[in-house]
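An overview of the molecular structure
If you want the building blocks of each chain, they are given just below.
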Amino acid sequence: MTGRTTFDAGEICWVDLQARDVEAAKSFYAAVFGWRYEDLPTPDGRSYSKAFLDDDLVTVIAPQNPLQEASGTAAQWNIYFAAADAKAIAEETPHAGGTVEFGPEEVADTGVMVFVAPPGGGTTGVWQPGTHTGTARYNEPGALAWAELLTPEPQAAVAFFQQLFGHEVTEYPQDDGGTYTALMVNGAELAGIAAAPETAQEDQPNIEAGWQVYFGVASVAEAVAAAEAAGAAVLVEPQDIEEAGTIATLKDPQGGIFSLLAV
C-alpha cells in the first residue's frame, strides 16, 4: 500500500468527480473499484459522498452545479496539483500564458482551491491544503495512479506547468514524430502531457482534449469487465504500453471519462 499524508508543491494530490446523479455514480464506481462511501450535506440541501478504500479517503463524488445540470454537461473528473500558495499560482497564471477559470476560494478549513487552464485548454485544479491534504492512497488498486493531459499545444502546456510549479521533465519520442512529456517532482514522474489527436482513429473513438485521470487496478481486463457490466462504454480497449504497462480508457454511464492502469 502506498499511503500519502502530504504532497509537495507540483504533485497531483487529489481527484474528484462531478456527476448529475451522485447515487448512480456511487453504485457504478463501487462496482469497479470497491469503494465505500460516507455522505455529507451540501449548503443547497443536496449531498456529496466521500469515497474510501477501507478507512482511507481516495476521492469525492459531488453533484454538478445548476449550470452544469441545466446544460446537460457530462460527468467530469477533476485533478488537482498541490500548491503552497494557491493565490500566488492564480496571479502567475496569466504570465505563464494560461487563464484563471475559478477562484481562489477558501473551502472552509479544508484548503484553498483554484481552477486554471494552460494554453490549449485543460481545466486544472490547484489545491492549497488546510485540513485536507489529498488522497490517502496512491498508485494502488482503486486509487489515483497517473494523470495525462491531451492538448493541441503540448509544448506551451509543458512550459506553463514548469513556470507555475518548477516541474522537471522527461521527454519520450513517439513513433509518430511527436513527444510524450512526463512532469516530475523530486525525480519522480507524476503526469504526462501529449498532443491531442486531431481526428479519431478508425479503430477507436476520438478522446477529447483535456486531463485524463488514471486509477490503479490489479487487473485491467477484470476491471473493464466489471465496468462494462455496470454500464460503461470502452473507449480504448486494454493494451500494453511500453514504459507504462497495461491501460484502458472508459466512459461511465453519465459520460465521465477515466482510465485504468495496472499496478
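Refer to the structure presented above.
What this report covers is the structure whose coordinates are included nearby. (Residues numbered from 1 in each chain as written. Predicted model: local features only at pLDDT ≥ 70, side-chain atom pairs only at ≥ 80, totals over all residues. Heavy atoms only, no water.)

1. Section: the overall build of the protein chain
Stated precisely, the cut-off is as follows: To qualify as a helix, a DSSP run of H or I must reach at least 4 residues; to qualify as a strand, a run of E must reach at least 2; elements of each kind are numbered from the N terminus. For the radius of gyration, the atom set is restricted to C-alpha positions; the globular benchmark scales as 2.2 Å times the number of residues to the power 0.38. Remark: exposure states derive from per-residue accessible area (1.4 Å probe, protein chains only) relative to the maximum for the residue type, with buried under 20%, exposed over 50%, and partly exposed in between. In this analysis, two residues are considered to be in contact whenever any of their non-hydrogen atoms come within 4.5 Å of each other. We score Asp and Glu as negative and Lys and Arg as positive, and we do not count His or the chain ends. By convention, the charge on Lys lies at NZ, on Arg at CZ, on Asp at CG and on Glu at CD.
For the protein chain, the helix and strand inventory stands at five helices and 16 strands. By the compact-globule yardstick of 18 Å for 263 residues, the protein chain fits well, its C-alpha radius of gyration being 17 Å. With respect to the three principal axes, the spread of C-alpha positions in the protein chain is 45 × 40 × 40 Å. Split into buried and exposed, the 263 residues of the protein chain put 47% on the buried side. Sequence-distant contacts in the protein chain: of pairs separated by 6 or more residues, those separated by 24 or more amount to 59%. A distance of 12 Å separates the average location of the 9 positive side-chain charges in the protein chain from that of its 38 negative side-chain charges.

2. Details of the nonpolar core
For clarity, the threshold we go by: Residues grouped as a nonpolar core are buried Ala, Val, Leu, Ile, Met, Phe, Trp, Tyr and Cys residues, joined through side-chain atoms within 4.5 Å.
With 58 residues, the main nonpolar core has Tyr29, Phe33, Trp35, Trp77, Phe81, Phe161 and Phe258 as its most contacted residues. Once residues lying within four places of it in the same chain are set aside, the contact partners of Tyr29 are Leu17, Gly34, Trp35, Tyr37, Ile61, Trp77, Asp252, Gly256 and Phe258. Of all hydrophobic cores here, the second largest spans twelve residues; its members include Leu57, Val60, Tyr80 and Met113.

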